[in-house]
Amino acid sequence: MIQKNTILSKLGYLQYRPLQEEAIDALCAGTDVLLAAPTGGGKSLVYQSAGLIRDGVGVIISPLIALMAQQVESLKDKGVNAHFLNSNLQPDEHDDLVWALRNNHIDLLFLSPEKLMQPSVMSFLNSLSISLFAVDEAHCITQWGSSFRPEYSQLGQLRQNFPDVPIIALTGTVDGSTVKAIQASLKMQHALVLKSSFDRKNIEIQIAQKRKSKRQILYFLHHEMAGESGIIYCRSRKKTEQLASWLTQLGLPSLPYHAAMNDRARQENHQRFSTQPGLIMVATTAYGMGIDIAHIRFVIHVDLPDSPEAYFQEIGRAGRDGKPSKALLLYGLQDMLNAQRFNGLQDQLDDDRKERLSAFLQVLEGRGCRRKNLLKHFDESAQDCGNCDRCLAPSAEQNSTIASQKLLSLIYHTRGIQPFSVLIQLLLGKRTKGVSAIQGERLSLFGKGKELNEAQWKAVVRHLIAFDYIEVHQMPVFCVHLKEKARGILRSQAQILLPQERYYPLLGSEEDLN
Ligand code: ADP
Ligand code: ZN
């Protein structure tokens, strides 16, 4: 083994961070490690160092081809013998690499899971002396399951094929279920699990109700982040293109990014966004993994992410330089219902995804500090942060127990088959088509909910969904079930307190924006 400090200075650093050191020591002692730290948390230095300290070649498996290439180049600049094994190598380059590996001339070898799982590659590695395996972006094992990149879920073979080689799994997510799934999938038995804090204090978190989202975005871009670079995340590919061209027309230069664009266009947009200041990237979640751009000042979500993990990872692309940055999430009842519908379609992954979405809805609908609620999901305890919409402008809470009782009994009396919009109109005493169609005027609750306006009623519905008083099924037909918890409310055994609805302001007028 080589001295830790020799490697540290070779890689260009003065000292290890405490968590890095712990992970490196464990690997050097032959122990498996699971390291969960946010992007930018310094994970690469861990496997680079341990791979160099231990004898043999360190093998790094990553799904991100572009980033591997970049890392190899920067390691070479530091005098490390790093190589990237991929299918683009010319035959002679490939032969040279094989020769160098056989003769112990290579320190670190990077490859994709697909390459690694090729039988010829696996058996070749078996003939070498290996210092460690590093599985980067290990949460992909659970996120992609066995369909998208099946090789990721086959990496458990490493433990069998190389019983004496330590494995380190690295991930940007920390929730308990992901960590367990990674350990199980990689067959790590006595792994040391290390987690670093996921908090990004410099990002101001704002979560607000959506209302004419385009105009809300304009307000944000003009009044909070004029001229800055940022990402706007949308769910649909079409929406990224429409929004990008609409913003550009309004003098806010924007670029789209999604998985259906060709490689060149995507690469070009990424390149422009990362080099020119003041651009806005309007993207699906395809734009994400491994982006490390220091000057991103904001992240806007116009659609709901699927989970607290996804949300945290996405907002974490802002403020990498540590300077004040902002995250704005806009959503409403319809977004909640859409997200649930989308989830209901994916049968296999159903339970896990449902759980994550429901955890996220509770974060969104929960009372008090946003950051505290989020970190609680990651098992981190925190104080009120002073840097979220709730901390910055504390709002009153309302006792909504009676309103909830009205809504729940109305759901019961209409057998759960009426859309929320009809129920709300009915409570407001409006004789709309939908209300008349079910002779809603005759129900005793008709017009008995005028103490709240439509938006406030929607907030009640959201709260009842998020906290499991009701369950909405959308397949094969729309249907709402009252859950056990609803009884407590109907019997006045429990109370419901709702934070006051908060809208994000609008900019511009209706005409120029539609
Ligand atoms: P991750 O892989 O977790 O996303 P990186 O390994 O890319 O994070 O590191 C993020 C940044 O932190 C890099 O710019 C890296 O140079 C820096 N860094 C990592 N470890 C140290 C350290 N011990 N001292 C100083 N800077 C570090
Ligand atoms: Zn807060």
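Please read all numbers here as calculations on a predicted model, not as lab measurements. (Residues numbered from 1 in each chain as written. Chains lettered and ligands numbered in written order. Predicted model: local features only at pLDDT ≥ 70, side-chain atom pairs only at ≥ 80, totals over all residues.)

## A short note on the overall build of the protein
For step 1, the next point in the chain: What the protein contains, in helices and strands, is 24 helices and 17 strands.
For step 2, the next point in the chain: The C-alpha atoms of the protein give 26 Å as radius of gyration, which agrees with the globular expectation for 514 residues (24 Å, within 12%).
For step 3, the next point in the chain: Projecting the C-alpha coordinates of the protein onto the three principal axes gives extents of approximately 85 × 50 × 40 Å.
For step 4, the next point in the chain: Relative to its full complement of 514 residues, the protein shows a buried share of 40%.
For step 5, the next point in the chain: When contacts within the protein are restricted to residue pairs at least 6 apart in sequence, long-range pairs at least 24 apart make up 74% of them. (Helix = DSSP H or I, 4+ residues; strand = E, 2+ residues; numbered from the N terminus. Rg over C-alpha atoms; globule rule 2.2 N^0.38 Å. Buried ≥ 20, exposed ≤ 12 C-beta atoms within 10 Å, placed from the backbone. Contact = placed C-beta atoms within 7 Å.)

## Quick word on the sheet that holds strand β1 (residues 33-36)
For step 1, the next point in the chain: Ordered by their spatial adjacency, seven strands build an open sheet running β3-β4-β2-β5-β6-β1-β7, and the pairing between neighbours is parallel. Looking at which strands have only one partner, the edges of the open sheet turn out to be β3 (82-84) and β7 (192-195). Here the strands of the sheet are splayed against their neighbours by 15 degrees on average, with no regard to which way each runs.
For step 2, the next point in the chain: Relative to the sheet, helix α3 (residues 44-53) contacts β1, β2 (57-61), β4 (108-111), β5 (130-135) and β6 (167-171), its axis offset from that of β5 by approximately 170 degrees. (Pairing = 2+ DSSP bridges. Axes fitted to C-alpha atoms, helices over the stretch in contact; angles between N-to-C directions.)

## Notes on the packing of helix α19 (residues 401-413) against helix α22 (residues 454-466)
For step 1, the next point in the chain: As a packed pair, α19 and α22 sit with axes 10 Å apart at the nearest point and diverge in direction by 80 degrees. Overall, the two elements α19 and α22 adopt an arrangement that is roughly perpendicular. Each of A403, S404 and L407 in α19 lies in contact with α22, whose residues at this interface are V460, V461 and L464.
For step 2, the next point in the chain: The residue inventory of the contact of α19 with α22, partitioned by class, reads five nonpolar, one polar and no charged. (Parallel < 35°, antiparallel > 145°, perpendicular 65-115°, else oblique. Nonpolar A, V, L, I, M, F, W, Y, C, P; charged D, E, K, R; others polar.)

## A word on the pairing of strand β15 (residues 470-473)
For step 1, the next point in the chain: Bridge count between β15 and strand β16 (residues 479-482): four bridges; the pairing is antiparallel. Bridging across to β16, H473 finds its partner in C479.

## Some words on helix α2 (residues 18-28)
Because the α-helix completes a turn every 3.6 residues, residues three or four places apart line up on one side.
For step 1, the next point in the chain: What α2 keeps buried is the set Q20, A23, I24, A26 and L27. Down the axis of α2, the sector holding all buried residues measures 160 degrees, keeping them to one side.
For step 2, the next point in the chain: In this structure, the buried side of α2 is in contact with α1 (4-10), β1, α3, β5, β6 and β7. (Arc of directions from axis to C-beta.)

## Digging into the confidence of the model for the protein
Caution is warranted with low-pLDDT regions, since their predicted coordinates should not be read in detail.
For step 1, the next point in the chain: Summarising the model, the protein shows a mean pLDDT of 91, and 95% of its residues fall at 70 or more.
For step 2, the next point in the chain: Model confidence for the complex is summarised by a pTM of 0.75, with the ipTM given as 0.97. (pLDDT = per-residue confidence, 0-100.)

## Some thoughts on the sheet that holds strand β9 (residues 229-233)
Within a beta sheet, neighbouring strands are joined by backbone hydrogen bonds and run either parallel or antiparallel to one another.
For step 1, the next point in the chain: If you trace the six strands from one edge of the open sheet to the other, you get β8-β13-β12-β9-β11-β10, paired in parallel fashion. Sheet topology places β8 (203-209) and β10 (254-257) at the edges, where each strand pairs with a single neighbour. Pairs of neighbouring strands in the sheet enclose a mean axial angle of 15 degrees, with direction left out of account.
For step 2, the next point in the chain: Two elements, β10 and strand β11 (residues 280-283), share four bridges in a ladder whose sense is parallel. The residue bridging P256 from the neighbouring strand is V282, located in β11.
For step 3, the next point in the chain: On top of the sheet, helix α11 (residues 213-224) reaches β9, β12 (296-301) and β13 (325-331); it is set at about 165 degrees to β13, its chief contact.

## A look at the environment of G316
For step 1, the next point in the chain: Mapped onto the elements of the fold, G316 is located in the loop between α14 (308-315) and β13.
For step 2, the next point in the chain: With 23 C-beta atoms packed within 10 Å, G316 lands in the buried category.
For step 3, the next point in the chain: C-alpha separation for the pair G316 and A382, spaced 66 residues apart in sequence, amounts to 18 Å.

## Regarding the environment of V165
For step 1, the next point in the chain: Note that V165 resides in the loop between α9 (157-161) and β6.
For step 2, the next point in the chain: Spatially, the C-alpha atom of V165 lies 7.2 Å from that of F133, the residues being 32 residues apart in sequence.

## Some thoughts on the nonpolar core
For step 1, the next point in the chain: Counting 79 residues, the largest nonpolar core has I232, M281, V282, I300, A327, L407 and L423 as the members making the most contacts within it.
For step 2, the next point in the chain: The greatest single-element share of this core, amounting to seven residues, is contributed by α22.
For step 3, the next point in the chain: L423 has contacts with L407, L410, I411, T414 and Q418, leaving out every residue within four places of it along the chain. (Core = buried A, V, L, I, M, F, W, Y, C linked by C-beta atoms within 7 Å.)

## Some points on α19
For step 1, the next point in the chain: Relative to the 18 Å expected for 13 residues at 1.5 Å per residue, α19 spans 18 Å between its end C-alpha atoms, a close match to the ideal helical length.
For step 2, the next point in the chain: A403, S404, K406, L407, L408, L410 and I411 are the residues of α19 that are buried.
For step 3, the next point in the chain: The elements touched by buried residues of α19 are α20 (420-427), α22, β15, β16 and α23 (484-490).
For step 4, the next point in the chain: Trailing α19 by a residue or two, R415 shows a phi angle of about 55 degrees, which is positive. (Expected span 1.5 Å × (residues − 1).)

## A short note on unusual backbone geometry
For step 1, the next point in the chain: With a phi angle near 60 degrees, N104 is a residue other than glycine that sits in the positive phi range.
For step 2, the next point in the chain: Mapped onto the fold, N104 is located in the loop between α5 (91-102) and β4.
For step 3, the next point in the chain: For S492, which is not glycine, the phi dihedral falls at a positive 55 degrees.
For step 4, the next point in the chain: Of note, S492 is situated in the loop between α23 and β17 (497-499).

## Looking at the environment of G488
For step 1, the next point in the chain: For G488, the position within the fold is in helix α23.
For step 2, the next point in the chain: For G488, a count of 13 C-beta atoms within 10 Å puts it in the partly exposed group.
For step 3, the next point in the chain: With 204 residues separating them in the primary sequence, G488 and T284 have C-alpha atoms 41 Å apart.

## Some remarks on the packing of α19 against α20
For step 1, the next point in the chain: Where α19 meets α20, the closest approach of the two axes is 11 Å, and the angle between their N-to-C directions is 120 degrees. Relative to α20, the element α19 is oriented oblique. Our pair here, α19 against α20, has a crossing hand that is right-handed. Between α19 and α20, the residues in contact are K406, L407, L410 and I411 and L423, L426 and L427, respectively.
For step 2, the next point in the chain: Along the lines of polarity and charge, the residues of the contact of α19 with α20 split into six nonpolar, no polar and one charged. (Left-handed = near helix turned anticlockwise from the far one by under 90°.)

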